[in-house]
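Structural description and commentary
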Amino acid sequence: LFGAEAVAGDLISPTERESKEPIVSDERFIQKERVNSRKLVLLPVAGRNVAFPSNEVGDVYKRILSEDGIDFERAEFVAKGTYRNLFGFVEDAKLTMEEEVGGSNGTSATVEFSLKPGSYATMALRELCKVNHDIAQKVKG
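Just so you know, these numbers come straight off a predicted model, no measurement behind them. (Residues numbered from 1 in each chain as written. Predicted model: local features only at pLDDT ≥ 70, side-chain atom pairs only at ≥ 80, totals over all residues. Heavy atoms only, no water.)

Before going further, it helps to spend a moment on helix α3 (residues 56-67). End to end, α3 covers 16 Å across 12 residues, agreeing with the expected 16 Å (1.5 Å per residue, within 8%). For α3, the set of buried residues is Val57, Gly58 and Leu65. Taken end-on, α3 shows its buried residues confined to a sector of 100°, consistent with a single buried face. Opposite the buried face of α3, at more than 90 degrees from it, the exposed residues are Ser66 and Glu67. For α3, the elements touching its buried residues are β3 (41-45). Put simply, Asn55 is the residue that caps the front of α3, since its side-chain oxygen is 3.0 Å from the backbone nitrogen of Val57. Gly69 lies just past α3 and shows a positive phi near 70°. (Helix = DSSP H or I, 4+ residues; strand = E, 2+ residues; numbered from the N terminus. Expected span 1.5 Å × (residues − 1). Buried < 20%, exposed > 50% of the residue type's maximum accessible area, 1.4 Å probe, protein only. Arc of directions from axis to C-beta. Contact = heavy atoms within 4.5 Å. Polar contact = N/O pair within 3.5 Å; in protein donor to acceptor, adjacent residues only side chain to side chain.)

This is the structure we're talking about:
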């Protein structure tokens, strides 16, 4: 809804000095942490013990849960819920290119990287391999 940076009302990952509960961002936080804000944004995995963002994103969560008849205040819902980072970031990236051997024309690439637990390597590779079709069309001429 709002782009790739934190906005007021987003849930923010606490620092080691703070409690383990997410912080609700405000304008002061946004101005102070502008460069790193996307690394800190959390989204709730719905459950009994989670807070929702206090902006339109939270409203969307609540609307969808309501439309599906889910009310975590009712006793039969035992899911505790948790939080996940909005974005995952690749670490320790390494790219190795090798000329093909055995009569084959071309080059092979090996990509190595690390992700935090709960992140999906296939999503990272998809983003890495994403083709900008406008540029591809210009190259093809």
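Having seen the model, we can carry on.
The strand order across the open sheet formed by four strands is β2-β1-β3-β4, and the pairing between neighbours is antiparallel. Single-partner strands in this sheet number two, and they are β2 (23-24) and β4 (82-85). Both strand β1 (residues 11-12) and β2 contribute to a ladder of two bridges, which runs antiparallel. Bridging across to β2, Ile12 finds its partner in Ile23. (Pairing = 2+ DSSP bridges.)

The values reported here are purely geometric and, on their own, carry no functional implication.
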